[in-house]
Structure formats: C-alpha cells, structure tokens
Amino acid sequence: GGCSWRALCAEASRELELLAALKREIKACRALWSAHFDLLSQLDELGQGVSTMELVEDDEELRRINPLEAERHRYVVRYEHAERAHKYRGDLALAIADLNAGKRQYSYLRRQALLADGEGGEGAAMAMCPVCHDEVGPNERSIARCAHSLCTPCAERIVARRQLRLP
C-alpha cells in the first residue's frame, strides 16, 4: 500500500513539473510569435514605404513583367486607375469627416470643461440642462465622462430609474 502511494506522488510531481515546463515553453513561444509578428509588420510597412507604383497598359503587359521586378514595384493596369482614384477620394473624404467630427467633439469637450470650471467668461458658467431645460450653474450640475452635462436632480433621477452610475 505505502509504496504505491509514494510512487503515485512521485509521478504526480513529475507531471506537475512537466506542466510547469510546458507553460514556460508556451509563454516563450507566444513572446517569440509576438516579436516575429511585429517584425513582419514593420518589414511590410517598410516595403510599402519604399515600393513604387507603375502604370501598365493592359493585363498582357503585366504578365510579361519579370517576377523579381514585380516584387519591387506595385503595378496598376490602366483600367484600374479610375477605380483606385475613386477609392482614394472616398477614403480621403471619410478621413476628413472623421477629423472634423473629432475636432467638433474636442471643441465641445473643451467648452464643457470651461463651463465646469466656471472659466467660460461672463455668463458662461450657466448652462441649460438638456432634460428639464432649466438653467444650471457650475455647482448644480453633474458632468459624465462623455461630457454630457445635466442638472444634479435630473442626473439623480436617471441614475435611480435606470440603476446606473453617472460616470
């Protein structure tokens, strides 16, 4: 009886040691994979930064290009030009719209911060609650992390009704 119990404990200890070693190896593999992924991403970005684009007339001309040469350049067939230009203009319009939305949000948040601090100038310390439409002074309002400003009674009613916290 006692001998098999010791053998079982010894085997369990060896298994636990193997599991610990396996966990260390997996952790090292994950770190290696992450470093490799970062390196490949950086190489791809570098490749995109130094590659050139060339316009070719048709698919036949594209097929005649040496594969080694094709790796160093990005080739665009003439009929793709209009499509790529259209996509670029669309991407640019979206980026400009995102930038403008970010600017408006920043401006709004800045005004809210000034109102909260009472630094908005003459009469600027008063704001209107969007729920009850009463004028609210800087000491009578609650401002959430999202910069929504409510009078304290309205904020408390919302929190109580929805069982939420006003951040």
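Residues numbered from 1 in each chain as written. Predicted model: local features only at pLDDT ≥ 70, side-chain atom pairs only at ≥ 80, totals over all residues. Heavy atoms only, no water.

(A) Seen up close, the overall build of the chain. Counting secondary structure elements, the chain contains five helices and six strands. Counting the 167 residues in the chain, one finds 14% classified as buried. (Helix = DSSP H or I, 4+ residues; strand = E, 2+ residues; numbered from the N terminus. Buried < 20%, exposed > 50% of the residue type's maximum accessible area, 1.4 Å probe, protein only.)

(B) Quick peek at the nonpolar core. Among the nonpolar cores identified, the biggest contains six residues, and these are Cys-129, Val-136, Leu-150, Cys-151, Cys-154 and Ala-155. Looking at this core, the elements that each hand over two or more residues are strand 6 (149-151) and helix 5 (152-162). Not counting the four nearest positions on each side in its chain, Cys-154 is found in contact with Cys-129, Val-131 and Cys-132. (Core = buried A, V, L, I, M, F, W, Y, C linked by side-chain atoms within 4.5 Å. Contact = heavy atoms within 4.5 Å.)

(C) Molecular detail of the environment of Val-50. The topology assignment puts Val-50 in helix 1 (residues 2-50). Distance from Val-50 to His-73, taken between C-alpha atoms, is 9.0 Å for residues 23 residues apart in sequence.

(D) Seen up close, the pattern of salt bridges. Evaluation of the coordinates by the stated rule reveals three salt bridges. A salt bridge links Glu-57 to Arg-78; the nearest nitrogen and oxygen atoms lie 2.8 Å apart. Separated by 21 residues along the polypeptide, Glu-57 in the loop between strand 1 (52-56) and helix 2 (59-63) and Arg-78 in helix 4 (residues 78-117) bring together distant segments of the chain. Residue classification places Glu-57 among the partly exposed positions, given a relative accessible area of 45%. Residues Glu-60 and Arg-63 are paired through a salt bridge, measuring 3.3 Å at the closest nitrogen-oxygen approach. Residue Glu-60 and its partner Arg-63 are located together in helix 2, separated by three residues, close to a single helical turn. (Salt bridge = Lys/Arg side-chain N within 4 Å of Asp/Glu carboxyl O.)

(E) Focus on the confidence of the model for the chain. On average, residues of the chain score 81 in pLDDT, and 84% of them are at 70 or above. By mean pLDDT, the top-scoring element of the chain is helix 1 (89), and the lowest-scoring one is helix 3 (residues 67-72) (72). (pLDDT = per-residue confidence, 0-100.)

(F) Main features of a nonpolar patch on the surface. Taken together, the side chains of Leu-39, Leu-40, Leu-43, Leu-46 and Val-50 make up a nonpolar region of the molecular surface, amounting to roughly 490 Å² of accessible area. Here Leu-39 lies in helix 1. (Patch = residues over 30% accessible without salt bridge, like charges linked within 9 Å, V, L, I, M, F, W, Y side chains within 5 Å. Areas by Shrake-Rupley, 256 points an atom, 1.4 Å probe, with all protein chains shown as cover.)

(G) Representation of unusual backbone geometry. Backbone geometry places His-133, a non-glycine residue, at a positive phi of 65°. As for its placement among the helices and strands, His-133 is situated in the loop between strand 3 (127-128) and strand 4 (135-136).

(H) Structural view of the state of the cysteines. Applying the stated criterion to the full structure yields zero disulfides. Note on Cys-129: no disulfide assigned, nearest cysteine sulfur contributed by Cys-151 at a separation of 3.7 Å. In this structure Cys-129 comes out as buried when scored by relative accessible area, which is 0%. (Disulfide = S-S within 2.5 Å.)

(I) Geometry of the environment of Glu-60. Here Glu-60 falls in the partly exposed class, since its relative accessible area comes to 39%. In this structure, the C-alpha to C-alpha distance between Glu-60 and Val-77, residues 17 residues apart in sequence, is 9.7 Å.

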